[in-house]
Amino acid sequence: MSETVRLFGKAIPKTAALAPMASVADTAYRLLCMEQGACMCTGELISAKGLCYGSKGSRALCQITAAERPMGIQLFGSEPEYIAAATEIILEYKPDWIDLNMGCPVPKVVNQGAGAALMRTPELAEQIVQAAVSKAKGVPVGVKMRIGWDDNHRNAVSFAQRMEAAGADAICVHGRTRMQFYGGKADWSAIRAVKQAVAIPVIGNGDIVTGADAVQMYAETGCDLIMVGRATYGNPWVFAEIEAALAGEAYTPPDTPERLAGLLRHIRLILELSGKSETLAMREARKHALWYLKGRPGAAMFRAQCSNLQSYADAERLAAQYLEKYQTSESM
Ligand SMILES: Cc1cc2nc3c(=O)[nH]c(=O)nc-3n(C[C@H](O)[C@H](O)[C@H](O)COP(=O)(O)O)c2cc1C
């Protein structure tokens, strides 16, 4: 049994959490990652205003199934009144915590003063935390932030301290500025600085790709938990790899037949859970399919074929064809 950390009122295994990823980490994705050992997950960002105006799409994003727990629902917005009202709405879905997005870099979000733009308006960010806490009925509130707006405005430490004082129960730090978007390198020393400056738990995030990275992030930052995003693309098994590395155990990655079986299961889950027609669900599935054989022999051919997938039967056929062609390859 791995070590645990007290987070959001629960004892959470000190392994790795799945990061929130809009349009990627949906219910099917989260289930697969939790199965492979993610210790908790966060849903895709949801517009507080959209929820308040009754958006069906926003409501759909609030759904939590038992196997995804512990799971947080993440809100974004720049108006405390909408954050307060949206917090009341999401309580219906019984999130294990309420997550506040203060890290999203996309223009559509920052231009309304939300996401990472809040790091430039810490007073408003405080009001947003206070608004959520005031309506959360004791459900913990987390903040997911970056290390600042740009290199000249790296205010992660003071910002995190202010969020703590405003009532946040935990802070997740993605070690990039807003202007870096997802490029460059995450600065783990900034995560360490935040960890040393606040008393609430700190979750470190950014550029964890392997089990060795996970070990290193814990060692370098002293963070309470780590969170993994893009390294999970087509690779929910990264959580098993991380768990093994943290336990000092050997890890055997899945072979190609296992990866393809995992992909087919992922597609079945999308078909079952997305509420979309097969045509639309397969459009969603294609994106994931592209990722599953990255770096394997014949991956380019496989990727090219993925764009033609119209049905589950097509996916089964493609997997079988691939296996037949590459079964004998040494690097399987
Ligand atoms: C496609 C995509 C969607 C994302 N969506 C969200 C989101 O909805 N909420 C959020 O807080 N962060 C979001 N992020 C940021 C990730 O949660 C994470 O902070 C970032 O990818 C860095 O971690 P990584 O290097 O492990 O990927 C998203 C990232 C990606 C790549």
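Below is a short write-up of the structure. (Residues numbered from 1 in each chain as written. Predicted model: local features only at pLDDT ≥ 70, side-chain atom pairs only at ≥ 80, totals over all residues. Heavy atoms only, no water.)

A word on the overall build of the chain. Each helix and strand in the chain was counted, giving 14 helices and 11 strands. Against the compact-globule benchmark of 20 Å for 332 residues, the chain has a radius of gyration of 20 Å, which places it among compact chains. C-alpha atoms of the chain, sized along the principal axes, occupy 60 × 45 × 40 Å. For the chain, the residues scored as buried account for 56% of the 332 residues in total. Contacts in the chain between residues at least 24 apart in sequence constitute 68% of all its contacts with a sequence separation of at least 6. As displayed, the chain has an accessible area near 14200 Å², and 51% of this comes from carbon and sulfur atoms. Charge separation in the chain, taken as the distance between the mean sites of 35 positive and 34 negative side-chain charges, equals 4 Å. (Helix = DSSP H or I, 4+ residues; strand = E, 2+ residues; numbered from the N terminus. Rg over C-alpha atoms; globule rule 2.2 N^0.38 Å. Buried < 20%, exposed > 50% of the residue type's maximum accessible area, 1.4 Å probe, protein only. Contact = heavy atoms within 4.5 Å. Areas by Shrake-Rupley, 256 points an atom, 1.4 Å probe, with all protein chains shown as cover. Lys, Arg positive; Asp, Glu negative; His and termini not counted. Charge placed at Lys NZ, Arg CZ, Asp CG, Glu CD.)

This next bit is on the nonpolar core. Within the largest apolar cluster, 82 residues are counted, with the highest numbers of intra-cluster contacts made by Met-40, Leu-100, Met-102, Met-145 and Leu-225. Excluding residues that lie within four positions of it along the chain, Leu-100 makes contacts with Gln-74, Leu-75, Ile-83, Ile-128, Val-129, Ala-132, Val-141, Gly-142, Val-143 and Lys-144. Leu-260, Ala-281, Leu-309 and Ala-315 belong to the second largest nonpolar core, which has 24 residues in total. (Core = buried A, V, L, I, M, F, W, Y, C linked by side-chain atoms within 4.5 Å.)

Another point: the pairing of strand E2 (residues 10–13). Judged from the 4 bridges that link them, strand E1 (residues 4–7) and E2 form a sheet pairing that is antiparallel. Each bridged residue has a counterpart across the sheet, and for Thr-4 the counterpart in E2 is Pro-13. The antiparallel hairpin formed by E1 and E2 contains 2 residues in its connecting segment, where Phe-8 sits at a positive phi of about 50°. (Pairing = 2+ DSSP bridges.)

Our next topic: the packing of helix H9 (residues 211–221) against helix H10 (residues 238–247). Packed helices, taken two at a time, are described by the angle between their axes plus the distance between the axes. The interhelical angle for the contact between H9 and H10, taken along N-to-C directions, is 55°, at an axis separation of 8 Å. The pairing of H9 with H10 is recorded here as oblique in orientation. Taken as a pair, H9 and H10 cross one another with a handedness that is right-handed. The segment H9 lies against H10, with Gly-211, Ala-212, Ala-214, Val-215 and Tyr-218 engaging Glu-241, Ile-242, Ala-245 and Leu-246. Here the residues of the contact of H9 with H10 are counted per class, giving 7 nonpolar, 1 polar and 1 charged. (Axes fitted to C-alpha atoms, helices over the stretch in contact; angles between N-to-C directions. Parallel < 35°, antiparallel > 145°, perpendicular 65-115°, else oblique. Left-handed = near helix turned anticlockwise from the far one by under 90°. Nonpolar A, V, L, I, M, F, W, Y, C, P; charged D, E, K, R; others polar.)

This part covers the site of the ligand. Neighbouring the ligand are 18 residues, the closest being Pro-20, Gln-74, Asn-205, Asp-207 and Arg-230. Contact between the ligand and Asn-101: an oxygen atom at 3.3 Å from a side-chain N or O atom of the residue. Asn-205 is positioned with one of its side-chain polar atoms (N or O) 2.5 Å from an oxygen atom of the ligand. Starting from 610 Å² of accessible surface for the ligand in isolation, the protein chains cover 90%. Its residues placed into classes, the shell around the ligand shows 9 nonpolar, 6 polar and 3 charged. (Near = heavy atom within 4 Å. Polar contact = N/O pair within 3.5 Å; in protein donor to acceptor, adjacent residues only side chain to side chain.)

What the rule picks out here adds up to 15 salt bridges. Arg-162 is paired through a salt bridge with Glu-126; the nearest N and O atoms lie 2.7 Å apart. Here Arg-162, found in helix H7 (residues 156–166), pairs with Glu-126, found in helix H6 (residues 122–135); they are 36 residues apart in sequence, far enough to count as distant. Residue class for Arg-162 comes out partly exposed when judged on its relative accessible area of 32%. (Salt bridge = Lys/Arg side-chain N within 4 Å of Asp/Glu carboxyl O.)

A separate point is the packing of aromatic side chains. Enumeration over the complete set of coordinates arrives at 6 aromatic pairs. Here the aromatic rings of Tyr-53 and Tyr-82 are separated by 5.9 Å at their centres, their planes lie at 40°, and the arrangement is tilted. Taken together, the residues Tyr-53 in the loop between helix H2 (48–52) and helix H3 (56–60) and Tyr-82 in helix H4 (residues 80–90) connect sequence positions 29 residues apart. Here Tyr-82 falls in the partly exposed class, since its relative accessible area comes to 21%. Here the aromatic residues Phe-302, Tyr-322 and Tyr-326 are joined through ring pairs into a cluster of three or more. (Phe/Tyr/Trp six-rings, centres within 6.5 Å; stacked < 30°, edge-to-face > 60°.)

Below, the discussion takes up H6. Helical geometry note: an α-helix holds 3.6 residues per turn, so side chains three or four residues apart project in the same direction. Compared with the 20 Å implied by 1.5 Å per residue over 14 residues, the 20 Å span of H6 between its first and last C-alpha is a close match. Taken residue by residue, H6 has Pro-122, Ala-125, Glu-126, Ile-128, Val-129, Ala-131 and Ala-132 as its buried positions. Elements that come into contact with the buried residues of H6 comprise H4, strand E7 (97–102), strand E8 (141–145) and H7. One or two steps after H6, the chain reaches Lys-137, where phi turns positive at roughly 50°. (Expected span 1.5 Å × (residues − 1).)

Quick look at the pairing of strand E6 (residues 71–76) now. In terms of residue burial, E6 counts as a mostly covered element, since 6 of its 6 residues are buried. Here E6 shows a buried face lined by Met-71, Ile-73 and Leu-75 and a second buried face lined by Gly-72, Gln-74 and Phe-76. Summarising the sheet, strand E5 (residues 46–47) and E6 pair through 2 bridges and their orientation is parallel. Its bridge partner lying in E6, Ser-47 is registered against Phe-76. Taken together, E6, H4 and E7 form a β-α-β motif whose crossover is right-handed. (Right-handed = clockwise from strand over helix to strand, strands pointing away.)

Don't take any of this as a statement about function, it's just geometry.
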